[in-house]
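Tertiary structure, described
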2 protein chains.
Amino acid sequence: MLSHLKSLQALELAVRLGSLKQAADALSITPAAVGQRVKALEDYLGLDLLERGRSGLRPSQSLSVALAHLNTAFRELDAAATALDLQRGHEIHVAAPSDFAELWLAPRLGRFTALHPNTRFSINGEGDAPIRIGPVDCEISFGPPRDEPEYDILFRDYVLPISSPENTRRIAALGRRERLEGFPLLHLDFYRNDPAAPAWPAWIKAQKLKRTAPERGIRFQRITMVVEAVLADAGLTLCGLALISALVEDKRLSLPFPKSTGAWTSHAFQSRFRKDTLARPQMRRFRDWLVAECAETRLWLSRMAG
Amino acid sequence: MLSHLKSLQALELAVRLGSLKQAADALSITPAAVGQRVKALEDYLGLDLLERGRSGLRPSQSLSVALAHLNTAFRELDAAATALDLQRGHEIHVAAPSDFAELWLAPRLGRFTALHPNTRFSINGEGDAPIRIGPVDCEISFGPPRDEPEYDILFRDYVLPISSPENTRRIAALGRRERLEGFPLLHLDFYRNDPAAPAWPAWIKAQKLKRTAPERGIRFQRITMVVEAVLADAGLTLCGLALISALVEDKRLSLPFPKSTGAWTSHAFQSRFRKDTLARPQMRRFRDWLVAECAETRLWLSRMAG
DNA sequence: GCCCAGGCTAAAGCTTTTCTTTAGTACCGC
DNA sequence: GCGGTACTAAAGAAAAGCTTTAGCCTGGGC
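Reading the values: rules and limits
Residues numbered from 1 in each chain as written. Chains lettered and ligands numbered in written order. Predicted model: local features only at pLDDT ≥ 70, side-chain atom pairs only at ≥ 80, totals over all residues. Heavy atoms only, no water. Phe/Tyr/Trp six-rings, centres within 6.5 Å; stacked < 30°, edge-to-face > 60°. Contact = heavy atoms within 4.5 Å. Buried area = accessible area lost by both parts, 1.4 Å probe. Salt bridge = Lys/Arg side-chain N within 4 Å of Asp/Glu carboxyl O. Polar contact = N/O pair within 3.5 Å; in protein donor to acceptor, adjacent residues only side chain to side chain. Helix = DSSP H or I, 4+ residues; strand = E, 2+ residues; numbered from the N terminus. Nonpolar A, V, L, I, M, F, W, Y, C, P; charged D, E, K, R; others polar. Buried < 20%, exposed > 50% of the residue type's maximum accessible area, 1.4 Å probe, protein only.

Scanning the entire structure with this criterion turns up 32 aromatic pairs over all chains. Each member of the aromatic cluster is reached from another via a ring pair, and the members are Phe100, Trp104, Phe142, Phe155, Phe190, Tyr191 and Phe269 of chain A.

Below, the structure is given as structure tokens:
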């Protein structure tokens, strides 16, 4: 029966693309591996299949008689793969809060795809799954921690006041109890379902500060938007650090009050992979990577919270 | 890039032949292995590809859209395999003395092909290679032992008088020194280049027997032919036991004189595999099997020789 | 002519895939 | 109801396949 399928595939691709290197890139394996595939077939047949020449690879005479068949065969297999959506296995569909996707996941995904080229991501808002085969692979949410086995707790958040560096300096120049007077308070609704996450009125009371009408101010649904307002000196907000570590680290965002004035959320970001989806090696790799990146974020948060 | 080639092959074959069992037979693997291949693809895609029904397997609706492409693809791959002589790897070409082939190898090959179906043999006389790709895979000869690594010493031979049971009884009824008078001596040239292998004159002198004109009698080139003559009561011959063990064991050939009257050859049957050909797993298996069968023949010869 | 970069190859070792075996289930025909 | 055949799941062993390292070869540029 027909054997050496991988060798034939490597061979056909090497000839079509003109080099073992380009075939390797297409197959996401090393050139050495492509060379081994081709050589194994040559050893098995006891003849040369490629002429390694001056301007790359060319099929040998022995191979030429089979090459048209090979081209057609792999073209048809590509068509079958397309029909079956075989590449689906290399795609990872993630539904996540858009704040998480934009501020935390997207900046980091380059590290994953550098390790695993050939992976394509489709990232959508929560509940915003495309009409494709089956539901999304990975769903990330912020809510009460679940302990079912398919959930991974990514990280809780540490919420405290955030401002622009300019506003931080101006606040520091004031007396302690008057520090919030004269600065607009921006309200972020992202954490409102979390009993542990403070809103301005509770925070001000807890810190024994003075601020008239603390419940007043613009409300924002999304962290991304309130962050933009803060960056524009529009005011202060209470915000979790987890998603904005990059902005804090490069000092585009600043902490106008001591770190100890913050509070951990009781809710957490968590992921849920569909049970069957972890049969795919690419998906297991992604999950492992995600868990590792989140461990780093937890570490950074612990250092920030003191 | 295209993956799951083995799964797609198993899938296409299972649908085409109507069962996992028949696909397994065609692929020379177990039905369990075929089932695993198909299931791996189904898990990967997150959908069913086969309907396991009352009258065998049918493609699911998901698979139907790809099936024509798969059929064409594997038909083209079969054509490419034919053009490349890919099945060549499952063929083993042996050049051996026809006596060895007929009396020793052919009766035993059934044991090999029972273990390794899908292997086809092409056995020719020594030096009688077909005009095919490259020389023969395995060459067996009888000659001075070689110690180059590509040679395996199969077995030496143990040469002594051989007759039909009827002639053995008639010889035993005679007096000791007259036992060869009246019986035609048949001469076998197979061992004539071996200084240790006795011919009739030397054997008679060594045994201190009496026989007028011991050099007279019909000469045979081939063991097979002289054996047929002996079986027909045409006379006695001096012959090695190695290739005729079956005839001796079922008593169609007999030893008219004690076993101790025999002599080991200094030459030996030996095999030589072309260096590169042992890259093929089928060839390694054949070589291992051959060496093991020959070890059994050596053991039998040792018991016969005392 | 020399040097550097890119491509290929061989070998070793590790990881992943694939297969066999065992045991069990389901279905069909008698 | 029983026996036979086909399929499936799980465990473990064997084989295949890949990466990494080191080295060689070729071609182009200086």
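From this point, things continue past the structure.
Moving on to the interface of chain B and chain A. Contact with chain B, which involves 45 residues of that partner, is made by 44 residues of chain A. Here chain B and chain A share an interface that buries about 3900 Å² over both sides, 72% of which is from carbon and sulfur atoms. On the surface where chain B and chain A come into contact, there are 0 salt bridges. On the surface where chain B and chain A come into contact, there are 2 residue pairs in polar contact (both at pLDDT 80 or more). Contributing elements (two or more residues each) for the side of chain B that touches chain A: helix H1 (5-17), helix H2 (20-27), helix H3 (31-45) and helix H4 (61-84) of chain B. Considering each element in turn, the side of chain B that touches chain A owes the most residues, 18 residues, to H4 of chain B. A class-by-class count of the residues in the side of chain B that touches chain A yields 28 nonpolar, 10 polar and 7 charged.

We now examine the pattern of salt bridges. Once the charged atoms of two side chains with opposite charge are near each other, the side chains can pair. All names here are of chain A. The final tally for this structure, using the stated rule, is 24 salt bridges over all chains. Its salt-bridge partner being Glu12, residue Arg16 comes within 2.9 Å of it at the nearest N-O pair. Note that Arg16 and Glu12 are positioned in helix H1 (residues 5-17) at a spacing of 4 residues, about one turn of the helix. When its relative accessible area of 2% is taken as the criterion, Glu12 is described as buried. Across the pair Asp152 and Arg287 runs a salt bridge whose closest N-O atoms are separated by 2.8 Å. Taken as a pair, Asp152 in strand S6 (residues 151-162) and Arg287 in helix H10 (residues 281-305) lie far apart in primary sequence, 135 residues in all.

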